[in-house]
Amino acid sequence: MPQVIGVPKEIFPGEKRVATVPDVVEKLRKLGFSVLVEAGAGEGATIGDDAYRAAGADIAPDAASVWAQADIVFKVRAPNADEVAKLRAGQTLVSFIWAGQNPDLLKSLAAQKATVLSMDSVPRISRAQKLDALSSMANIGGYRAVIEAAHAFGRFFTGQITAAGKVPPAKVFVIGAGVAGLAAIGAASGLGAIVRANDTRPEVADQIKSLGGEFVPVDYVEEGSGVGGYAKVMSEGFQKAQRDTFARQAKEVDIIITTALIPGKPAPKLITTEMVQSMKPGSVIVDMAAEQGGNCELTEPGKIVTKYGVTIIGYTDLPSRLPRQSSNLYATNLLRLTEELCKTKDGQINVNMEDEVLRGATVVNSGEVTWPPPAPRLSAAPAGATPPKAAAAMPAQKKGHGHGGGGEPASAGKTAAMFGVAALVFLLIGAYAPVTFLGHFTVFVLACFVGYMVVWNVTPSLHTPLMSVTNAISSIIVIGALVQIAPPAVASVAGEGARPDDLIRWLAVAGIALTAVNMFGGFAVTRRMLAMFRK
C-alpha cells in the first residue's frame, strides 16, 4: 500500500507559500505515493484546487483530514502547538524546523514519537545541493530585496540622460555575498545600478565581479570562511575595520542590502545609528536578517520604518512575497529529498541514518532527538594540514643533510644517468638504422619534447584547463600534418625518399580538418559559455 503525502495549508500569518505544486504532484505519484492536499492550500500562490486534481492529487476538506490520513506531511513553516498535537507516532514531518532556535519545539515533536526532517538542516555538501531549500529561498529573498528597495527608492536605478535632465545611477551596497547577496547583486546590476559588495570571505570576490559588482575589501587580513560554506564570527579587530568600511560606504551609496546571518546565532549589528544618520535623505536599507534581530540597529522586524530620512525595510517574509516562484522551488527541493528517501520508487520511504544527507536532515527519529548531526565528512584534508615535522624536514633534505646525500644531488644524478642512456640509444640507432628511419625518429623525439613543454606550460585564460591542453595538442597535430604535406624541397631534409606518398598526404589533410573542427569548436563553446555571464 503506497504511503500518503499530505500537504496542509500554511497557517502562519501572511505565509502564502505551499509545500507542493501540481507539476511536482505528478512526479511524486510516479514514485508510488498518493498525494492529499488541503482545499485552498495553494490560493496564496495562485494555484487552484482544480490544478491539483488535474495532476492526480486528492483534495481534503480541512487540515484535520490531511493530518489524520497522511503518512508523510510536507510543510513550509515550522508547526505550531496545534499542528504538533496532530502528529501521531510513526508519522513523518518534513518542514523548516530551525532546531537550534526552537529547542522546545524539538522536545514537543519528539514527544509525539514521530520522525521529523528539517529542510534547514540539510548538510551543505555537493551531493545535497538539489535539496538545499535554504539556498532556494535565499536566492528568491535576495532578488525580492532589490525589488522592495526599488519600490521604496525615489528614482531610477539606471542612469539616464533625457531632455528633462540627467539622472545619475543608483549606488547599491550589498553586505554579504552568499546566495542571497549574489542574487541581490545580480538583480541590482541588471536594473542598471552601480553595485558594490563586501564579504568576510575573500574568495567570493570573483563571483561578485562576474555579476557586475565591485568587491569592497576590509583593510584587515583574517580568514572568514566557516563550516558548511557560511561565514564565521570575526575577531574584534576585523569587526572594527569592517565598521569603518561600512561607515564610508553609507555616506556614498543610496541603498544598502544586508544579508549577514550565521544559522543559530543572532544577526550581527553592522549598520549603526550613526551610519544611518550619515546616509543621504531618501536612501533605503533592506535588512534581510530582520527575522533574527537585524543587521541594522534601527530595524523593526516585519515593518517598514523611516528614521533620519532613511527607509528601513525589515520584512521577514521576502520569499513569501514571490509565492508562486518560491513554492515551485521549495516543492522541487522536497521532491529531491523524497527521491533520496524512496530510491526503490515503491511509495515507501526509508530514513537511512547511514546516509550522510538524510542523517543531517533528520532532527527527530521515531521520537528520539538526533539533532545536532555529526559534522560532515571531509573528502580531502584541508589545506595547511601538513604536519610541522614533515614541513621542517624539507629544508634539511634540500641542503643535502642526512643519509643518501639529500634530495638535489640524487635527482641531478638521476637526470644525468637518463641523459646518458638516451645518448647511448641515439648513438646505436644512428649507427645501424636506415637514413629515412633516422629522420622520422628525430622528428618524433623532437615532437615529444616540444609537445610536452608546450602542452603543460599552457596558461588557462578564457578556457578551462582541459580545453587549453586539448587546443595545445591540436596545434601540435596541425604542425605535424603541415610538415607531412610540405613540398619535396622542404621534406627532403629528412633524407632521400622522405617525401610522403599520397596516402600519407591525404591522412595529413584529414588530420588538419578534424583538428581545426576541434580547435574552432572549442573557441565557439567558450564564447557561448562567456555569453551566459554577459547582460
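Right above here is the structure, for reference.
Notes on the structure in this doc start here.

The rules behind these values
- Residues numbered from 1 in each chain as written.
- Predicted model: local features only at pLDDT ≥ 70, side-chain atom pairs only at ≥ 80, totals over all residues.
- Heavy atoms only, no water.
- Helix = DSSP H or I, 4+ residues; strand = E, 2+ residues; numbered from the N terminus.
- Buried < 20%, exposed > 50% of the residue type's maximum accessible area, 1.4 Å probe, protein only.
- Contact = heavy atoms within 4.5 Å.
- Areas by Shrake-Rupley, 256 points an atom, 1.4 Å probe, with all protein chains shown as cover.
- Core = buried A, V, L, I, M, F, W, Y, C linked by side-chain atoms within 4.5 Å.
- Phe/Tyr/Trp six-rings, centres within 6.5 Å; stacked < 30°, edge-to-face > 60°.
- Lys NZ or Arg CZ within 6 Å of the ring centre and 35° of its normal.
- Expected span 1.5 Å × (residues − 1).
- Pairing = 2+ DSSP bridges.

### Here we look at the overall build of the protein chain
Piece 1. In terms of regular secondary structure, the protein chain is built from 18 helices and 17 strands.
Piece 2. Counting over 535 residues, the protein chain shows a buried share of 41%.
Piece 3. Of the contacts formed within the protein chain by residues at least 6 apart in sequence, a portion of 62% connects residues at least 24 apart.
Piece 4. Accessible area for the protein chain stands at about 28,500 Å²; split by element, carbon and sulfur atoms hold 61% of it.

### Comments concerning the nonpolar core
Piece 1. Among the nonpolar cores identified, the biggest contains 45 residues, and Phe74, Val94, Met119, Tyr330 and Leu337 are the most heavily contacted of them.
Piece 2. Elements with a contribution of two residues or more to this core: strand 1 (4-7), helix 1 (22-30), strand 2 (34-38), helix 2 (49-55), strand 4 (72-74), helix 6 (133-152), helix 11 (323-341) and helix 12 (356-361).
Piece 3. When residues no more than four places from it in sequence are discounted, the contact partners of Met119 are Val94, Ser95, Phe96, Leu131, Ala133, Leu134, Tyr330, Asn333, Leu334 and Leu337.
Piece 4. Core analysis: the next-biggest nonpolar cluster, separate from the first, contains 28 residues, Ala149, Leu182, Val195 and Ile313 among them.

### Quick look at the packing of aromatic side chains
Piece 1. All chains considered together, the criterion is met by four aromatic pairs.
Piece 2. Aromatic side chains Phe96 and Trp98 sit 6.0 Å apart centroid to centroid with 10 degrees between the ring planes, which places their arrangement in the stacked category.
Piece 3. When its relative accessible area of 32% is taken as the criterion, Trp98 is described as partly exposed.
Piece 4. Here Phe173 and Phe246 contribute two aromatic rings whose centre-to-centre distance is 5.7 Å and whose plane-to-plane angle is 65 degrees, an arrangement assigned as edge-to-face. One end of the pair, Phe173, is in strand 9 (residues 171-175); the other, Phe246, is in helix 9 (residues 236-252), with 73 residues separating them in the sequence.
Piece 5. Phe173 sits in the buried class, given a relative accessible area of 1%.
Piece 6. Three or more aromatic residues joined by ring pairs make a cluster, and in this case those are Phe96, Trp98 and Tyr330.
Piece 7. Looking at Arg77, its charged tip hangs above the ring of Phe12, at a distance of 4.1 Å from the centre.

### Structural notes on helix 18 (residues 502-531)
Piece 1. The first and last C-alpha atoms of helix 18 sit 43 Å apart over 30 residues, in line with the 44 Å expected at 1.5 Å per residue.
Piece 2. The set of residues buried in helix 18 consists of Ala508, Gly511, Thr515, Met519, Gly522 and Thr526.

### A short note on the environment of Ala481
Piece 1. In this fold, Ala481 is placed in helix 16 (residues 465-484).
Piece 2. Its relative accessible area of 8% is what places Ala481 among the buried residues.
Piece 3. Placed 25 residues apart in sequence, Ala481 and Trp506 show a C-alpha to C-alpha distance of 9.7 Å.
Piece 4. If we skip the residues at most four places from it in the chain, Ala481 touches Ala508 and Ile512.

### Topic: the sheet that holds strand 14 (residues 304-307)
Piece 1. Strand order across the open sheet formed by seven strands is 11-10-9-12-13-15-14, with mixed pairing between neighbours. Edge positions in the sheet fall to strand 11 (214-215) and strand 14, since each of these pairs with one other strand and no more.
Piece 2. Across four bridges, the pairing between strand 12 (residues 255-258) and strand 13 (residues 284-287) is parallel. Paired with Ile257 across the bridge in strand 13 is Val286.

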